[in-house]
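# Structural overview for review
Here are the chains, one letter per residue:
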Amino acid sequence: MITSETSFIALIGNPVSHSLSPIMQNAALRYLGLDLIYIAIPCRDEDLESVLDSLKNINCKGLNITIPHKEKVFDLCSEISPIANKLKAINTLKLNTEKEWSATNTDVDGFIYPLKALSLKNKQSIVLGSGGAARSVIQGLINLNFSTISVVSRNKSSLEKLIKNFEDQIEIQGLLNNDNKAQNLIKEANLIVNTTPVGMKTATNKENMLPYGETFWRSLNSKTIVYDLIYNPAPTPLLKFSAKKGCLIIDGLQMLIAQGIKSLSFWTDGLEVPFHVMNDALKEYLEKK
Ligand code: NAP
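We now turn to the structure provided with this report. (Residues numbered from 1 in each chain as written. Predicted model: local features only at pLDDT ≥ 70, side-chain atom pairs only at ≥ 80, totals over all residues. Heavy atoms only, no water.)

On a plain count of helices and strands, the protein comes out with 10 helices and 12 strands. In terms of overall dimensions, the protein is globule-like: its C-alpha atoms have a radius of gyration of 19 Å, near the 19 Å expected for 289 residues. Taking the principal axes of the C-alpha coordinates as reference, the protein spans close to 60 × 40 × 35 Å. Out of the 289 residues belonging to the protein, those deemed buried represent 50%. Expressed as a percentage of contacts within the protein between residues at least 6 apart in sequence, the contacts between residues at least 24 apart total 68%. Carbon and sulfur atoms make up 50% of the accessible area of the protein, which totals about 14400 Å². Between the mean site of the 31 positive side-chain charges and the mean site of the 29 negative ones, the protein shows a separation of 8 Å. (Helix = DSSP H or I, 4+ residues; strand = E, 2+ residues; numbered from the N terminus. Rg over C-alpha atoms; globule rule 2.2 N^0.38 Å. Buried < 20%, exposed > 50% of the residue type's maximum accessible area, 1.4 Å probe, protein only. Contact = heavy atoms within 4.5 Å. Areas by Shrake-Rupley, 256 points an atom, 1.4 Å probe, with all protein chains shown as cover. Lys, Arg positive; Asp, Glu negative; His and termini not counted. Charge placed at Lys NZ, Arg CZ, Asp CG, Glu CD.)

If you want it as structure tokens, here you go:
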């Protein structure tokens, strides 16, 4: 029951209306029996500092940070975990004992979750896209001991920066999406991860769009695992196409839940909630929609 004692955790971003985090986090908070609720707060760029300052002074226990604030929030935090520092992106905050924001990033743990049970050591991977999520994905692939990473992007400048960031840790190369070398890499890849938003459910997206177009995928074969970070729709056009080719497919829902479980643990100093609690809540919600 919400009472005058109830505290809250909030998602700060713009937009936030599409987010599934309130559904799964409120189910988890109820499961744990905590007097806490989770809400989404839309926040414009120019208001970020004043909103975060105000939240320090009221009964807010923690935050999730999403697009477009994951990098901008750095300057407003007094403690930043090594992983958030390395990835230059923050997705979770809590107030420390001095009432200042302490920050971390739980996306790497989230990304790895569905891959943990598979044996992927020394395998070859391809990452599509060179934005924020690609950084967490690459760090995850390094943690899982992949032998090579090829990043395919349409954006030369962010691609070069990304490769520079990781080139001393793993064999990594960058390719533009129209580079013919991509075909051989796709034929040989054990895992391909889509971090572009192509295939996401939006008002303007065309049906059945694949990242970089259908010809890009002509050498895909059944030995490749295809992982799409997008969770709405699930499966995406890319995952439907890959399943038809006989590939094992993974959508973004498990990543969403696994990063949410890690964030909840950060806010509550280590409390854990079973995966199925968030998963069941999301399934029930998505079935009704
Ligand atoms: P981002 O920083 O904007 O990066 C997106 C990347 O995709 C950029 O390299 C961008 O290239 C490229 N891109 C955009 N539109 C494209 C198109 N039409 N064709 C080819 N490439 C295109 O976004 P992000 O934060 O990395 O998020 C990417 C996706 O991952 C989103 O769909 C997001 O919902 C999803 N995600 C899911 C989870 C989860 O928990 N499941 C977590 C994080 C992110 P340009 O720079 O040229 O635009």
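Strands sit in the order β2-β1-β3-β5-β6-β4 across an open sheet of 6 strands; the sheet is mixed. At either margin of the open sheet sits one strand with a lone partner, and together these are β2 (36–42) and β4 (79–80). Here strand β1 (residues 7–13) pairs with β2 via 7 bridges, running parallel. Each bridged residue has a counterpart across the sheet, and for Ala10 the counterpart in β2 is Ile39. Seen against the sheet, helix α1 (residues 21–32) touches β2 and β3 (60–65) and runs at an angle of roughly 165 degrees to β2. (Pairing = 2+ DSSP bridges. Axes fitted to C-alpha atoms, helices over the stretch in contact; angles between N-to-C directions.)

With that settled, the discussion passes to the site of the ligand. In the region of the ligand, 20 residues are neighbours, and Ser130, Ala133, Arg154, Asn155 and Leu229 sit closest. Between an oxygen atom of the ligand and a main-chain N or O atom of Gly131, the distance comes to 3.3 Å. When the ligand is considered free in solution it has 930 Å² of accessible area, and contact with the protein chains removes 74% of it. Considered class by class, the residues forming the shell around the ligand number 11 nonpolar, 8 polar and 1 charged. (Near = heavy atom within 4 Å. Polar contact = N/O pair within 3.5 Å; in protein donor to acceptor, adjacent residues only side chain to side chain. Nonpolar A, V, L, I, M, F, W, Y, C, P; charged D, E, K, R; others polar.)

Let us look at the environment of Ile2. Positionally, Ile2 belongs in the segment before β1. Overall, the relative accessible area of 62% leaves Ile2 in the exposed class. Here the alpha-carbon distance between Ile2 and Leu36, two residues 34 residues apart in the chain, equals 8.2 Å.

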